[in-house]
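Each chain is listed here by its residues.
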Amino acid sequence: MKILVVGSTGLIGSYVAKALEKHGEVVGVSRSTAISVDVKDPASIKAMYEKVGKVDAVASCIGKVAFKSITELTYDEYLAGLKDKVMGQVELVRVGMEYVNDGGSFTLMTGILARDPIPAGSVAALANGAIESFTLAAAIELPRNLRINTVSPNVLVEATSYHSAFPGFHQVPASVVADTYVKSIMGKQTGQVYKLD
Ligand SMILES: NC(=O)c1ccc[n+]([C@@H]2O[C@H](COP(=O)([O-])OP(=O)(O)OC[C@H]3O[C@@H](n4cnc5c(N)ncnc54)[C@H](OP(=O)(O)O)[C@@H]3O)[C@@H](O)[C@H]2O)c1
């Protein structure tokens, strides 16, 4: 099994890549890897798939959004978050369909802010909600038995710089998030939003 991990150099992506190495060949990409990709640029996504070639699974661990008060956020900051976390991941699926073998899968990334908001989290909430709805919709019409799921965790134990912004939230170990990607990719489920609360 050949698995593409997008955002493999990040906190979640590095755990996901390591967990998936037990199950197949992992190709990790981000803006700073040998085969690079900028998910904000559709041409870059297409070029990355061309270089990687056919895969059996795509694991997306990306998504950058502004954390700012709703009274300060600009139109462009909302748009930038949508372009990165929403359209970046939609494009990984839309273009990626051609590169994922029959019966293969996409696993996308959202987070707790889709359902349990914090101040300054409205761009993240918007983006997460969009991707979770996209997951349900795409699952019923992806061709060739392709599957799609999304992992939606609480704040991570390891993401210490975020902890003060998430008081009382139940922190999730990165290993649990990584195991959920393994379940999504190695299992048979589709249209799932795995809520790791
Ligand atoms: N950390 C948490 O507690 C937590 C909890 C729930 C959900 N999440 C979500 O999980 C996702 C990843 O979080 P993280 O904490 O792992 O972030 P992170 O450590 O900052 O990692 C982000 C990864 O994405 C890559 N990346 C950034 N911009 C990119 C772009 N434009 N094109 C391609 N790759 C890009 C980065 O590598 P380069 O810089 O080399 O491109 C890196 O590999 C985010 O959507 C976040 O909202 C995180």
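One structure accompanies this document, and this report is about it. (Residues numbered from 1 in each chain as written. Predicted model: local features only at pLDDT ≥ 70, side-chain atom pairs only at ≥ 80, totals over all residues. Heavy atoms only, no water.)

Let's talk about helix α3 (residues 75-94)
For step 1, the next point in the chain: At M87, α3 shows its largest bend, some 35°.
For step 2, the next point in the chain: In the core, the buried residues of α3 are packed alongside β1 (2-6), α2 (42-52), β3 (55-60), β4 (100-109), α4 (122-139) and β5 (147-153). (Bend = angle between axes of the 7 residues up to and from the residue. Helix = DSSP H or I, 4+ residues; strand = E, 2+ residues; numbered from the N terminus. Contact = heavy atoms within 4.5 Å.)

Points about the site of the ligand
For step 1, the next point in the chain: Among the 26 residues in the neighbourhood of the ligand, the closest are listed as T9, G10, S30, R31 and S32.
For step 2, the next point in the chain: Residue R31 places a side-chain N or O atom 2.7 Å away from an oxygen atom belonging to the ligand.
For step 3, the next point in the chain: A distance of 2.9 Å separates a nitrogen atom of the ligand from a polar side-chain atom of D38.
For step 4, the next point in the chain: In isolation the ligand exposes 890 Å². Once the protein is present, 81% of that is buried.
For step 5, the next point in the chain: Secondary-structure elements contributing two or more residues to the shell around the ligand are α1 (11-20) and α3.
For step 6, the next point in the chain: A class-by-class count of the residues in the shell around the ligand yields twelve nonpolar, nine polar and five charged. (Near = heavy atom within 4 Å. Polar contact = N/O pair within 3.5 Å; in protein donor to acceptor, adjacent residues only side chain to side chain. Areas by Shrake-Rupley, 256 points an atom, 1.4 Å probe, with all protein chains shown as cover. Nonpolar A, V, L, I, M, F, W, Y, C, P; charged D, E, K, R; others polar.)

Side note on the side chain of T33
For step 1, the next point in the chain: With respect to the helices and strands, T33 occurs in the loop between β2 (25-29) and α2.
For step 2, the next point in the chain: At a separation of 2.6 Å, a polar atom in the side chain of T33 contacts the main-chain carbonyl oxygen of I35.
For step 3, the next point in the chain: In contact with T33, not counting residues within four places along its chain, are S8, T9 and G28.

Focus: the packing of aromatic side chains
One pair of aromatic rings is described through two measures. These are the centre distance and the angle between the planes.
For step 1, the next point in the chain: Summed over all chains, the structure comprises two aromatic pairs.
For step 2, the next point in the chain: Their ring planes at 10° and their centres at 5.1 Å tell us that Y49 and Y99 sit as a pair that is stacked. Highlighted residues: Y49 in helix α2 and Y99 in the loop between α3 and β4, separated in sequence by 50 residues. Each member of the pair, Y49 as well as Y99, carries the same accessibility label: buried.
For step 3, the next point in the chain: When the ring of F166 is compared with that of F169, the centres are 5.2 Å apart and the planes differ by 90°; the resulting orientation is edge-to-face.
For step 4, the next point in the chain: Residue F166 is classed as buried on the basis of its relative accessible area, which comes to 8%.
For step 5, the next point in the chain: According to the relative accessible area criterion, F169 is buried, its value standing at 16%. (Phe/Tyr/Trp six-rings, centres within 6.5 Å; stacked < 30°, edge-to-face > 60°. Buried < 20%, exposed > 50% of the residue type's maximum accessible area, 1.4 Å probe, protein only.)

Let's talk about the sheet that holds β2
For step 1, the next point in the chain: Spatially, six strands are ordered β2-β1-β3-β4-β5-β6 in an open sheet, and the strand pairing comes out parallel. In the strand order of this sheet, the two ends are held by β2 and β6 (192-196), each with one partner. Between one strand and the next, the sheet's axes are offset by a mean angle of 15°, whatever the strand orientation.
For step 2, the next point in the chain: Sheet topology note: the β1/β3 ladder contains four bridges and is parallel. Following the sheet pairing, I3 is matched in β3 by A57.
For step 3, the next point in the chain: Sheet strands in contact with α2 are β1, β2, β3 and β4, and its direction is about 150° off that of β1. (Pairing = 2+ DSSP bridges. Axes fitted to C-alpha atoms, helices over the stretch in contact; angles between N-to-C directions.)

Side note on the environment of N145
For step 1, the next point in the chain: Of note, N145 is situated in the loop between α4 and β5.
For step 2, the next point in the chain: Classification of N145 as exposed rests on a relative accessible area of 65%.
For step 3, the next point in the chain: Excluding residues within four positions of it along the chain, N145 makes contact with G103 and G104.

Structural notes on the layout of surface pockets
For step 1, the next point in the chain: Empty space within the largest pocket amounts to approximately 1000 Å³.
For step 2, the next point in the chain: Lining the largest pocket are 40 residues, with C61, I62, G63, K64 and Y162 sitting closest to its centre.
For step 3, the next point in the chain: For the lining of the largest pocket, a count of residues per class yields 23 nonpolar, eleven polar and six charged. (1 Å grid on protein atoms, 1.4 Å probe; cavity = no way out; pocket = protein on both sides within 12 Å on 5 of 7 lines; lining within 4 Å. Points joined across faces, edges and corners; volume = space filled by probe spheres on them.)

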